[in-house]
Amino acid sequence: MSVLTQDLGLSKQPVAVGFFDDDAPAGVEQWSGGAVPAGCAFWREAWEGRTFYTVPADHYNCAVGSYTHNIPQPVERETALNDTIGFMISSGYLQMAEVPMIPVLPRTPRYVAYGPAEERRFRADVVVIAARPAAMMLIYEAALRSGVGNMATPALGRPGCAVLPMALQSGSSAMSFGCKGNRTFTGLPDEELYLAIPGTKWDAVAEALRTIANANATMETHYKKHEATVRG
């Protein structure tokens with residue numbers, strides 16, 4: 001576990017995700033762990049320390065995840081997205097008006113790589129952090145300090161994987177509350193949520209986190225003294 005992860009009290013390592021149009025990332029092995037129910041299941045593998053790359057076919061089992069990653073379904077699965085959305089709508093999980101608002105990658109990646117962000121095994125386009133709200137506050141403040149966050153940070157609920165294209169295309173941090181599918185396939189605890197950081201800004205955010213963490217510790221001491229004074 002990295003110093004940064006320990007300092008923030010994170011239960012999982014920040015995950016780097018890289019989208020590659022031409023060649024697979026050098027020195028990174030191809031995913032060989034078999035079929036997964038959704039692309040976000042690869043986040044869990046990266047949390048556990050694995051670094052690897054996937055190909056579009058590895059993402060076919062989740063029609064919605066394939067949609068957010070701009071990965072067309074093969075002919076034999078071409079109705080999967082409509083069937084899935086139809087089921088979501090009929091079950092009351094989703095409304096049709098929400099569909100056009102879902103962020104999507106601008107083009108289909110040839111390879112998608114995953115791994116612990118701090119190992120730096122490949123170029124990270126997005127770094128995804130899972131954290132409890134107290135730690136997320138520090139990460140959010142570090143993003144602001146680094147010029148990659150907004151006072152009104154965009155957030156989404158479903159689908160959770162859409163936070164990747166949201167952060168990548170906006171060039172800014174984006175929050176996801178983690179949809180039911182994502183929480184099921186990754187095992188994300190109820191008390192945690194996600195923040196996605198554009199990969200080009202990750203180093204600046206990581207550096208700012210140390211300053212932000214120290215500043216918040218100082219403020220906590222100050223607030224406790226203030227509270228004690230007011231309460232007498």
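Placed above this text is the structure.
If you're wondering where the values come from, they're calculated on a predicted model, not measured in any experiment.

Rules used throughout
Residues numbered from 1 in each chain as written. Predicted model: local features only at pLDDT ≥ 70, side-chain atom pairs only at ≥ 80, totals over all residues. Heavy atoms only, no water. Helix = DSSP H or I, 4+ residues; strand = E, 2+ residues; numbered from the N terminus. Expected span 1.5 Å × (residues − 1). Bend = angle between axes of the 7 residues up to and from the residue. Buried < 20%, exposed > 50% of the residue type's maximum accessible area, 1.4 Å probe, protein only. Core = buried A, V, L, I, M, F, W, Y, C linked by side-chain atoms within 4.5 Å. Contact = heavy atoms within 4.5 Å. Axes fitted to C-alpha atoms, helices over the stretch in contact; angles between N-to-C directions. Parallel < 35°, antiparallel > 145°, perpendicular 65-115°, else oblique. Left-handed = near helix turned anticlockwise from the far one by under 90°. 1 Å grid on protein atoms, 1.4 Å probe; cavity = no way out; pocket = protein on both sides within 12 Å on 5 of 7 lines; lining within 4 Å. Points joined across faces, edges and corners; volume = space filled by probe spheres on them. Pairing = 2+ DSSP bridges. Polar contact = N/O pair within 3.5 Å; in protein donor to acceptor, adjacent residues only side chain to side chain. Phe/Tyr/Trp six-rings, centres within 6.5 Å; stacked < 30°, edge-to-face > 60°. Lys NZ or Arg CZ within 6 Å of the ring centre and 35° of its normal.

**Q** Got a minute to help me understand helix α8 (residues 202-231) in this structure?
**A** The α-helix advances 3.6 residues per turn, and as a result positions three or four apart in sequence lie on the same side. Taking 1.5 Å of rise per residue, the 30 residues of α8 would be expected to cover 44 Å, and the 42 Å separating its terminal C-alpha atoms lies within 8% of that figure. The sharpest bend along α8 comes to roughly 25°, located at Leu209. Among all positions in α8, only Trp202, Val205, Ala206, Ala208, Leu209 and Ile212 are buried. Following α8 by one or two positions, Gly232 has its phi on the positive side, about 75°.

**Q** Just checking my understanding: could you explain the nonpolar core for this structure?
**A** The tendency in soluble globular proteins is for nonpolar side chains to be buried side by side. Counting 34 residues, the largest nonpolar core has Val17, Phe19, Trp43, Tyr114, Val126, Leu164 and Tyr194 as its most contacted members. Of all the secondary structure elements, the ones that give two or more residues to this core are β1 (15-20), α2 (41-47), β3 (111-116), β4 (126-131), α6 (163-170) and β7 (193-198). Per-element accounting of this core gives the leading share, five residues, to α2. Setting aside anything within four residues of it in sequence, one finds Leu164 in contact with Val17, Phe19, Trp43, His69, Val126 and Val128. Val28, Tyr53, Trp202 and Ala206 belong to the second largest nonpolar core, which has 31 residues in total.

**Q** Could you clarify how one ought to interpret the packing of helix α5 (residues 133-145) against α8 in this entry?
**A** Any two packed helices are characterised by the angle at which their axes cross and by the distance between the axes. Axis separation between α5 and α8 bottoms out at 8 Å; the angle between their running directions is 120°. Taken together, the axes of α5 and α8 are oblique relative to one another. As for how α5 packs across α8, the hand of that crossing is right-handed. Between α5 and α8, the residues in contact are Met137, Leu138, Ile139, Glu141, Ala142, Ala143 and Arg145 and Val205, Ala208, Leu209, Thr211, Ile212, Ala213 and Asn216, respectively.

**Q** Honestly, the layout of surface pockets in this entry has me stumped. Any pointers?
**A** Of the volumes computed, that of the second largest pocket is approximately 160 Å³. Forming the boundary of the second largest pocket are Phe19, Phe20, Asp21, Leu105, Pro106, Arg107, Pro109, Arg123, Asp125 and Leu168.

**Q** Mind showing me how you'd approach the sheet that holds β7 here?
**A** Two modes of strand pairing occur in sheets, parallel and antiparallel, and in both the strands are linked by backbone hydrogen bonds. Here we have seven strands laid out as an open sheet, ordered β2-β3-β1-β4-β7-β6-β5, and mixed in their pairing. Edge positions in the open sheet fall to β2 (52-54) and β5 (155-156), since each of these has one partner strand only. Two strands pair when backbone bridges link them, and β4 and β7 are joined in this way by six bridges, in the antiparallel orientation. The residue of β7 that forms the bridge with Ile129 is Leu195. Across the sheet, α5 is in contact with β4, β6 (174-176) and β7; its angle to β7 comes to roughly 15°.

**Q** Just checking my understanding: could you explain the side chain of Asp58 for this structure?
**A** Secondary-structure assignment places Asp58 in the loop between β2 and α3 (63-68). A polar contact is formed between the side chain of Asp58 and the backbone nitrogen of Val55, at a distance of 2.9 Å. Excluding its chain neighbours within four sequence positions, the residues that come into contact with Asp58 are Trp31, Val36 and Phe42.

**Q** In this structure, what is going on with the environment of Ala46? I would like to understand it.
**A** Along the polypeptide, Ala46 turns up in helix α2. Its relative accessible area of 0% is what places Ala46 among the buried residues. The spatial distance from the C-alpha of Ala46 to the C-alpha of Asn150 is 27 Å, given a sequence separation of 104 residues. Apart from the residues lying within four places of it in its own chain, the contact partners of Ala46 are Gln13, Val15, Phe52, Tyr114, Gly115 and Pro116.

**Q** Mind showing me how you'd approach the packing of aromatic side chains here?
**A** Each pair of aromatic rings is reported with the distance of its centres and the angle of its planes. Counted by the stated rule, this structure contains eight aromatic pairs. The interplanar angle of 75° and the centroid separation of 6.3 Å between the aromatic rings of Phe20 and Phe122 together place this pair among those described as edge-to-face. Of this pair, Phe20 sits in strand β1 while Phe122 sits in the loop between β3 and β4, placing them 102 residues apart in sequence. In this structure Phe20 comes out as buried when scored by relative accessible area, which is 10%. The class of Phe122 is buried, set by a relative accessible area of 13%. Feature note: the residues Trp31, Phe42, Phe52 and Tyr114 constitute an aromatic cluster, connected by ring pairs. The cationic tip of Lys12 hangs over the ring face of Trp47; the distance from NZ or CZ to the ring centre is 5.2 Å. The residue whose ring lies beneath Arg123 is Phe20, and the NZ or CZ to ring-centre distance is 4.4 Å.

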